[in-house]
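Per-entry structural report
Letter by letter, the chains look like this.
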Amino acid sequence: MKQNPPSFLDAQPSSSMHPAGLVSVPGRAAFWLRRFLAFVGPGYMVAVGYMDPGNWATDLQGGSEFGYTLLFAILLSNIMAVILQALSARLGVVTDHDLAQACRAWLPGWMRLPLWLTCEVAIIACDLAEVIGTAVALQLLFGFPILVGTAISVLDVFLVLLLMRHGFRWLEAFVMTLLGIIAVCFGIQMVASSPDIGEVFRGFLPSSTLLTQPDMLYIAIGIVGATVMPHNLYLHSSLVQSRNYDRTLEGRKDALRWATWDSTIALTLALFVNAAILIVAAAAFYRTGHHDVAEISDAWRLLSPILGFGLASTLFAVALLAAGTNSTVTGTLAGQIVMEGFLNLRLPYWARRMVTRGLAVLPVVVIVGLYGQGKVGALLVFSQIVLSMQLPFAVIPLVYFVSHKRIMGAFRLSRPLMVVSWVIVGIVVVLNGKLLWDAVF
């Protein structure tokens, strides 16, 4: 690591990711709710990654095969995500550097290129999941072939450009609206599935069967691996800087408090959505003996007949389309943040989007062309494995930076929180390593 990095007191706003200007924040004397609402937004942009199409396969498989037992894995992964995103917000608010910029500023030169390359691969893998999710949703709703849906997904670049021209508040409002649609869709499905409430609550408690049943442990690891997303750590550390808070000790303390509340509440919504997917799968499929539902298209086909609710399958597909669309917006931002941060190189949004989307579309076209649509689900799983490979390269630098006295000053993690953070890093690295090992060997 570089020696004697600059103190946070020397930091200056360094991101150009906010072309429409910073979001104004009411003065310290304003009512607390007004100040909190001014900081609401970045957390929900981050929450998108915790309920993207890549999470759906593991939640569906876990619920259909093991009932409610794996709700504990969803809860555990969400707790880890809340802490890691709070650390990401801390880095951005205190240093005015996002995680990519921090890596360029405070890590040795020989580490930057490998970190950038692994992050770019992860963003392409994330974009791959978005392409597949959007294409499958368009097929389920409108009957488009996967290849046609894949081609249509490229057009979202114009949506991102339109929203970016109006500033981050418009972008955040769009994302939060789609998140609300996802939550409502699964809320209705959860009520329609009439789950056993007692079993649901017991599912959130740890169970020894998680360790004694290899198949269950494998899916639990997959849930954790698919939940904590590396690009979100880069994204959040940049987006929290979009607020016009005082760049003073007291101003940063205030901003950090509201930013942490924002991300915690938003990730609680993500917990609800992920849990709802698994609960619906358990109530609809596990209870009726359909224990092998792992494909999104199979879940869509079975939901309405099993629940006796004609709109159930449609709501499922609408939620999937909203999740895929949302993920494209945040994926574009994350890609721009990473390239600008590591390389100090800025491309136009449309060019960046076309490059990453093109690289994500290519494997979908090749796989569908060679093997047919039946291999799309396997491609989705593969994208999550690639994301797992990159995760340690994001969480380890993050925890190092926020634990560093010279970088963080008075905002350095306390010793207990530092221990908890490194334990989480160890858990994430070990679980993702095992997931990768099992998938490859």
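This is a predicted model, so every value here is computed, not measured.

Considering the environment of Leu217
Structurally, Leu217 can be placed in helix α12 (residues 214-227). Overall, the relative accessible area of 24% leaves Leu217 in the partly exposed class. Put simply, Leu217 and Leu431 are 214 residues apart on the chain and 9.9 Å apart in space, counted from C-alpha to C-alpha.

Quick look at the confidence of the model for the protein
Predicted confidence across the protein gives a mean pLDDT of 84, with 87% of residues reaching 70 or more. Note that residues 8-16 has pLDDT below 50 and, in this model, 27 contacts with residues that lie over four places away or in other chains.

Things to note about the pattern of salt bridges
What the rule picks out here adds up to 9 salt bridges. Between Arg247 and Asp96 there is a salt bridge; the shortest N-O distance is 3.3 Å. Remark: Asp96 occurs in the loop between α4 (71-95) and α5 (99-106) and Arg247 occurs in the loop between α13 (230-239) and α14 (249-286); sequence separation between them is 151 residues. Overall, the relative accessible area of 0% leaves Asp96 in the buried class. The partner of Arg202 in a salt bridge is Glu199, with the nearest N and O atoms 2.9 Å apart. Linking Arg202 with Glu199, this pair stays in helix α10 (residues 197-203), spanning 3 residues, or about one helical turn. Overlapping salt bridges, with partners in common, bring together Arg35, Asp254 and Arg257 in one network.

So, the state of the cysteines
All chains considered together, the criterion is met by 0 disulfides. This cysteine, Cys103, is not joined by any disulfide, and Cys119 carries the nearest cysteine sulfur, 8.6 Å off. The exposure class assigned to Cys103 is buried, which follows from its relative accessible area of 0%.

As for the packing of aromatic side chains
On inspection of all chains with the given rule, the structure shows 11 aromatic pairs. Measuring from ring centre to ring centre gives 6.0 Å for Tyr234 and Phe342, while their planes differ by 50°; the resulting arrangement is tilted. Of the two residues, Tyr234 is situated in helix α13 and Phe342 in helix α16 (residues 312-343); the sequence distance between them amounts to 108 residues. Overall, the relative accessible area of 5% leaves Phe342 in the buried class. Members of the aromatic cluster, joined through ring pairs, are Phe31, Trp32, Phe36 and Trp258.

So, a nonpolar patch on the surface
The grouping of Phe31, Trp32, Leu33 and Leu37 at the surface amounts to a nonpolar patch, some 420 Å² of accessible area in total. Looking at the secondary structure, you find Trp32 in helix α1 (residues 32-39).

Parameters and conventions
- Residues numbered from 1 in each chain as written.
- Predicted model: local features only at pLDDT ≥ 70, side-chain atom pairs only at ≥ 80, totals over all residues.
- Heavy atoms only, no water.
- Helix = DSSP H or I, 4+ residues; strand = E, 2+ residues; numbered from the N terminus.
- Buried < 20%, exposed > 50% of the residue type's maximum accessible area, 1.4 Å probe, protein only.
- pLDDT = per-residue confidence, 0-100.
- Contact = heavy atoms within 4.5 Å.
- Salt bridge = Lys/Arg side-chain N within 4 Å of Asp/Glu carboxyl O.
- Disulfide = S-S within 2.5 Å.
- Phe/Tyr/Trp six-rings, centres within 6.5 Å; stacked < 30°, edge-to-face > 60°.
- Patch = residues over 30% accessible without salt bridge, like charges linked within 9 Å, V, L, I, M, F, W, Y side chains within 5 Å.
- Areas by Shrake-Rupley, 256 points an atom, 1.4 Å probe, with all protein chains shown as cover.

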